[in-house]
Amino acid sequence: MFLADKVHVLRTMLRERPDDQDALREEVELESAARRYEQFYIRLLQDRITTLLMTPGMADQLDLTQLTSQTRDRPDHTIRMKGRDGRAFRVISASAQVGSLPGQTDTLQIAVDVSQKEALLARFRFWFWSILLATFIIFPLIGYRVARHGIRPVEEMATTARHISSTNLRERILAEGYPFELASLARTFNQMLDRLEESFERISRFSADIAHDLRTPVNNIRGEAEVALARARTSSEYRDVIESCLEEAVQLSDLIGDLLFLARAESPLSCLRREQVNLGELLGGVREYYEASAADGAVALTTTVADQPVIAELDRTLLQRAVGNLVSNALAHTPPGGAVVLGTNADLSTIRIEVSDTGVGIPTEALPRVFDRFFRVDSSRSHASGGTGLGLAIAKSIALLHGGDVEISSQPGQGTRVTLHLPVSSGR
């Protein structure tokens, strides 16, 4: 760009002011000396042979013959050549019209010392490639460390997951120092492990309880049979043994039936046979069924219903079973002279069925577990009354099947209230 501009300036001066030799000499001989950081040389030739003007020192720096020969065949083109001391120059040769009349032309030869620029560019290239090479080496290492640091929480979660088994559910992820997103994932993972551990503990207790409850009637039957076969018996004695074995077998059959019902109730394929049910009539039927048992225990069994009939689409058989289990529990834990009340009411979204008693109540610490399978607050009394500890668990399963839930409140020595909450809509 500099050479082109300089050629343009000199051509203009030769064309418009050919007689101004002082200005031309100043441009050719003096301007280069005034430039401190960029030396250039100008040579003005007449007929490509005779030197009219030349920047002082040009002949010392450049081989003028070589300059002429190299630029003769490439006018107006910039070429590169070496000076006498090895420094780099960029040179250009161009013709210039002298005066306004055509015919007379001079030749301009301009050379610019670019050795400093090339040295600067060489240093720049060196540092550029050095930095680029360092970047290619260092940045991948830094990226690897950053990636390893970022993936560490995921690896820790994977390691924890690999250590988890049915016998080891106590592993947890320490999420301190994790990014927010991974800390949230770690907390969710720990909550899942908490639920799994609770479920496995419940299953373990369930397995132990079911083994005990199944073993007891079987051992009773076996013991009765072994005693009966130890020696000859009368017909009445054999009859007593058979009746005792039959009673134990009925209890065992009921227990197995309850367990099968709970297993089916937890299946996602379980379906309800819904029909229009008048809850007042249903509670009246349950009261009549348990009226004799209540009379034997000297317990008053009554129902209270809303003024308006409460009718909803429910599974009549399952609901009778749920309410029956609640009434049976209430009668078993209400002393003589007490009362058991069945009631129902509804609002726009929920139907409530309540069974309350004035019995012995349930200790506060036992309330969270009363819906667990085989859980008994008073084991001796439950066994004496033939209870299996599945009544409340079945009632809750039936409520959940209907899309509802069950609630219990109790005060020791004052009584217990169990409430089934069922949605008005069938959800179909």
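Residues numbered from 1 in each chain as written. Predicted model: local features only at pLDDT ≥ 70, side-chain atom pairs only at ≥ 80, totals over all residues. Heavy atoms only, no water.

**Some thoughts on the overall build of the protein chain**
Okay, step 1: Helix and strand content of the protein chain: eleven helices and twelve strands.
Okay, step 2: The buried share among the 428 residues of the protein chain stands at 35%.
Okay, step 3: Sequence separation of at least 24 residues holds for 62% of the intrachain contacts in the protein chain that already meet a minimum separation of 6.
Okay, step 4: Of the accessible surface of the protein chain, which amounts to about 25,900 Å², a share of 55% is contributed by carbon and sulfur atoms. (Helix = DSSP H or I, 4+ residues; strand = E, 2+ residues; numbered from the N terminus. Buried < 20%, exposed > 50% of the residue type's maximum accessible area, 1.4 Å probe, protein only. Contact = heavy atoms within 4.5 Å. Areas by Shrake-Rupley, 256 points an atom, 1.4 Å probe, with all protein chains shown as cover.)

**Some points on the nonpolar core**
Okay, step 1: Residues V323, V327, L342 and L420 are the most contacted members of the largest nonpolar core, which totals 50 residues.
Okay, step 2: Leaving out residues up to four positions away in the same chain, V323 has contacts with L282, L283, V286, L342, I353, V355 and L420.
Okay, step 3: Counting 20 residues, the second largest nonpolar core, distinct from the first, contains M13, A96, I110 and V112. (Core = buried A, V, L, I, M, F, W, Y, C linked by side-chain atoms within 4.5 Å.)

**Here's the deal with the packing of helix 8 (residues 279-296) against helix 9 (residues 316-332)**
Okay, step 1: Where helix 8 contacts helix 9, the axes come no closer than 10 Å and their chain directions differ by 40°. Classified by the angle between their axes, helix 8 and helix 9 sit oblique to one another. Crossing handedness for the pair helix 8 and helix 9: right-handed. Along its contact with helix 8, which presents L279, L282, L283, V286, Y290, S293 and A294, the element helix 9 presents R316, L319, Q320, V323, G324, V327, S328 and L331. (Axes fitted to C-alpha atoms, helices over the stretch in contact; angles between N-to-C directions. Parallel < 35°, antiparallel > 145°, perpendicular 65-115°, else oblique. Left-handed = near helix turned anticlockwise from the far one by under 90°.)

**Looking at the packing of helix 9 against helix 11 (residues 391-401)**
Okay, step 1: The contact between helix 9 and helix 11 brings their axes to 9 Å, and the two run at 150°. On the basis of the axis angle, helix 9 is roughly antiparallel to helix 11. In terms of crossing hand, the pair formed by helix 9 and helix 11 is left-handed. Between helix 9 and helix 11, the residues in contact are L318, L319, R321, A322, N325, L326 and N329 and G391, L392, I394, A395, I398 and L401, respectively.
Okay, step 2: Across the contact of helix 9 with helix 11, the residue classes break down as nine nonpolar, three polar and one charged. (Nonpolar A, V, L, I, M, F, W, Y, C, P; charged D, E, K, R; others polar.)

**As for helix 9**
Okay, step 1: A rise of 1.5 Å per residue sets the reference length of helix 9, with its 17 residues, at 24 Å; its end C-alpha atoms lie 24 Å apart and thus fit the reference within 8%.
Okay, step 2: At the N-terminal boundary of helix 9, the capping side chain belongs to D315, with an oxygen 3.3 Å from the backbone nitrogen of T317. (Expected span 1.5 Å × (residues − 1). Polar contact = N/O pair within 3.5 Å; in protein donor to acceptor, adjacent residues only side chain to side chain.)

**Here's the deal with the sheet that holds strand 7 (residues 300-305)**
Okay, step 1: A sheet is described by the order of its strands in space; here five strands give the open sequence 7-9-10-12-11, paired in mixed fashion. The sheet is open, and its two borders are formed by strand 7 and strand 11 (405-411), each paired with just one other strand. Each strand axis lies, on average, 15° off the axis of its neighbour in the sheet, ignoring direction.
Okay, step 2: In this sheet, strand 10 (residues 350-357) lies alongside strand 9 (residues 339-346) in antiparallel orientation, the contact comprising seven bridges. Pairing of T344 across the sheet is with I353, part of strand 10.
Okay, step 3: Most of the contacts of helix 8 go to strand 7, to which it runs at about 175°, and overall it touches strand 7, strand 9 and strand 10. (Pairing = 2+ DSSP bridges.)

**Here's the deal with the sheet that holds strand 5 (residues 105-113)**
Okay, step 1: Spatial ordering of the open sheet is given by 2-1-5-4-3, a layout of five strands whose pairing is antiparallel. What marks the edges here is a single partner per strand, and that holds for strand 2 (50-54) and strand 3 (79-82). This sheet shows a mean twist of 30° between the axes of neighbouring strands, independent of strand direction.
Okay, step 2: Running at roughly 30° to strand 4 (residues 88-97), helix 1 (residues 2-16) makes contact with strand 1 (40-46), strand 4 and strand 5 of the sheet.

**Quick notes on the pattern of salt bridges**
Okay, step 1: A full pass over the atoms with the stated rule returns 13 salt bridges.
Okay, step 2: D347 is paired through a salt bridge with R352; the nearest N and O atoms lie 3.3 Å apart.
Okay, step 3: When its relative accessible area of 38% is taken as the criterion, D347 is described as partly exposed.
Okay, step 4: Each of R170, R172, D194 and E197 takes part in salt bridges that share partners, so that together they form one network. (Salt bridge = Lys/Arg side-chain N within 4 Å of Asp/Glu carboxyl O.)

By themselves, these are just geometric observations and shouldn't be taken as functional.
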